[in-house]
Amino acid sequence: MPFNPAVLNPDLKLIIFDADGTLRRCKDPTKICPNTPDEQELIPGVQEALAWFETPASPQVEMAVVSNQGGVGLGYMTQEMAIACVQRMCEELWPRERTSRDVMCQLCPHAPTAGCLCRKPNPYMLFRAIFELVHTRGVEFDLQKQVLFVGDLRSDEEAAARAGIPFRWAYDFFGMPSHLHCTIEQECERFRRYGVPGR
């Protein structure tokens, strides 16, 4: 079924999204994640669903993106390119002619095996996004009632659990077939390549 805003928590103030497999995907199915802006595309239906939050019917909800970008640490792309990819994605999802929304973004550039504190399933990026919003926009959040994390991998689900934040699978949130988002087979392939789940 399509995106249904009626099932959202009416007290929701912040939605945090994963990027790869949740909002965007790689055009080349043989690649795990895009390494340049031209290699990525929005997952069908995501832009249309997020457009609802710019309508008068929507409550005022802040949005943020947190993303593991292990390709930087593995040498597939530079950190600047990773930032450019996410910026392009945000420009397409929240075009300036439609909204003045300023989306908070947090990226982990470390390799999957680096053992850093910021990489999901550690909750650091979730807390960092919330901290930045609290201190730059003066918004306070009840983590259990007013924040939601939307992702496509078990590492996303675990990060939400560690942060004490409710979680929804991307295909469920956007009301789309699960094959449009990350599949179990894709997650297993990441584990096979890198030895740890996620990107």
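Before any of the text, the structure's been laid out above.
In this report, the structure presented in the accompanying data block is examined. Here the structure is a predicted model, which means the values were calculated and not measured. (Residues numbered from 1 in each chain as written. Predicted model: local features only at pLDDT ≥ 70, side-chain atom pairs only at ≥ 80, totals over all residues. Heavy atoms only, no water.)

**As for the nonpolar core**
The test is simple: By nonpolar core is meant a set of buried Ala, Val, Leu, Ile, Met, Phe, Trp, Tyr and Cys residues that side-chain atoms within 4.5 Å join together. We call a residue buried when its accessible area falls under 20% of the maximum for its residue type, exposed when it is over 50%, and partly exposed in between, using a 1.4 Å probe and counting protein chains only. Each helix corresponds to a stretch of at least 4 residues labelled H or I by DSSP, and each strand to a stretch of at least 2 residues labelled E; elements are numbered beginning at the N terminus. Residue contacts are defined here by distance: any two heavy atoms, one from each residue, within 4.5 Å place the two residues in contact.
With 28 residues, the main nonpolar core has Phe17, Leu23, Leu50, Phe53, Met89, Phe173 and Phe174 as its most contacted residues. Residue assignment for this core shows that the elements contributing at least two residues are β1 (14–17), α1 (46–51), β4 (62–68), α3 (79–93), β6 (147–151) and α7 (170–174). The dominant element in this core, judged by the number of residues it contributes, is α3, at 4 residues. Beyond its immediate chain neighbours, meaning those up to four positions away, leucine 23 contacts Phe17, Asp18, Leu42, Ile43, Val46, Leu50, Val65, Met89, Leu93 and Phe174. Core analysis: the next-biggest nonpolar cluster, separate from the first, contains 22 residues, Leu14, Ala64, Met104 and Ile130 among them.

**Section: α3**
To keep things clear, this is the line we draw: By this rule, a helix spans an expected 1.5 Å times one less than how many residues it contains. By definition, the arc is the one covered by directions from the helix axis to the C-beta atoms.
With 15 residues, α3 should cover 21 Å at 1.5 Å per step; its first-to-last C-alpha distance of 21 Å lies within 8% of that length. Listed in full, the buried residues belonging to α3 are Ala82, Cys85, Val86, Met89, Cys90 and Leu93. In a view along the axis of α3, the buried residues occupy a sector of 130°, so they form one face of it. Exposed and oriented more than 90 degrees from the buried face of α3 are Glu80 and Glu91.

**Focus: the sheet that holds strand β5 (residues 104–108)**
Test applied: Two strands qualify as a pair provided that DSSP identifies no fewer than 2 bridges between them. Comment: axis = line fitted to C-alpha atoms, over the contacting stretch for helices; angle = value between 0 and 180 degrees taken between N-to-C directions.
Read across the sheet, 5 strands follow the order β5-β4-β1-β6-β7 without closing on themselves; strand pairing throughout is parallel. For this open sheet the edge positions go to β5 and β7 (167–169), each flanked by a neighbour on one side alone. Sheet twist, expressed as the average angle between the axes of neighbouring strands with direction ignored, equals 20°. Note: β6 against β7, 3 bridges, orientation parallel. Within β7, the residue paired with valine 150 across the bridge is arginine 168. Relative to β5, α3 is tilted by about 150°, and along the sheet it contacts β4 and β5.

**Notes on helix α6 (residues 154–163)**
Where α6 is concerned, the buried positions are Ser155, Asp156, Ala159, Ala160 and Ala163. Seen end-on, α6 carries its buried residues on one side only, within an arc spanning 140°. Residues of α6 that are buried in the fold lie against α4 (124–137), α5 (143–146), β6 and β7. With its phi angle positive at about 75°, glycine 164 sits one or two positions after the end of α6.

**Some details on the state of the cysteines**
A covalent bond between the sulfur atoms of two cysteines is referred to as a disulfide. To keep things clear, this is the line we draw: Cysteine sulfur atoms are paired as a disulfide whenever they fall within 2.5 Å.
In this structure the tally under the stated criterion is 0 disulfides. In this structure cysteine 33 is a free cysteine whose sulfur lies 7.5 Å from that of cysteine 26, the closest cysteine sulfur available. You can call cysteine 33 buried: its relative accessible area is 15%. Of all cysteine sulfurs in the structure, the one in cysteine 90 sits closest to cysteine 105, which takes part in no disulfide; the separation is 3.8 Å.

**So, the pattern of salt bridges**
Put simply, the rule is: Throughout this description, the term salt bridge denotes a Lys or Arg side-chain nitrogen within 4 Å of a carboxyl oxygen of Asp or Glu.
For the structure on display, the rule yields 12 salt bridges. Between glutamate 39 and lysine 31 there is a salt bridge, with its nearest N and O atoms 2.9 Å apart. The salt bridge partner of arginine 137 is glutamate 62, with a shortest N-O separation of 2.6 Å. Placement of the pair is arginine 137 in helix α4 and glutamate 62 in strand β4, with a sequence separation of 75 residues.

**What about the pairing of β5?**
Consecutive side chains along a regular strand alternate between the two faces of the sheet. Only one face of β5 is covered, namely the one carrying Met104, Gln106 and Cys108; the face carrying Cys105 and Leu107 has none of its residues buried. Bridging between β4 and β5 involves 5 bridges; their strand directions are parallel. Across the sheet, the residue bridging to asparagine 68 is cysteine 108, located in β5.

**Comments concerning the side chain of glutamine 146**
Examined against the element boundaries, glutamine 146 turns out to sit in helix α5. Sequence-distant contacts of glutamine 146, defined by excluding residues within four places in its chain, comprise Asp11, Leu12, Lys13, Leu14, Glu140 and Phe141.

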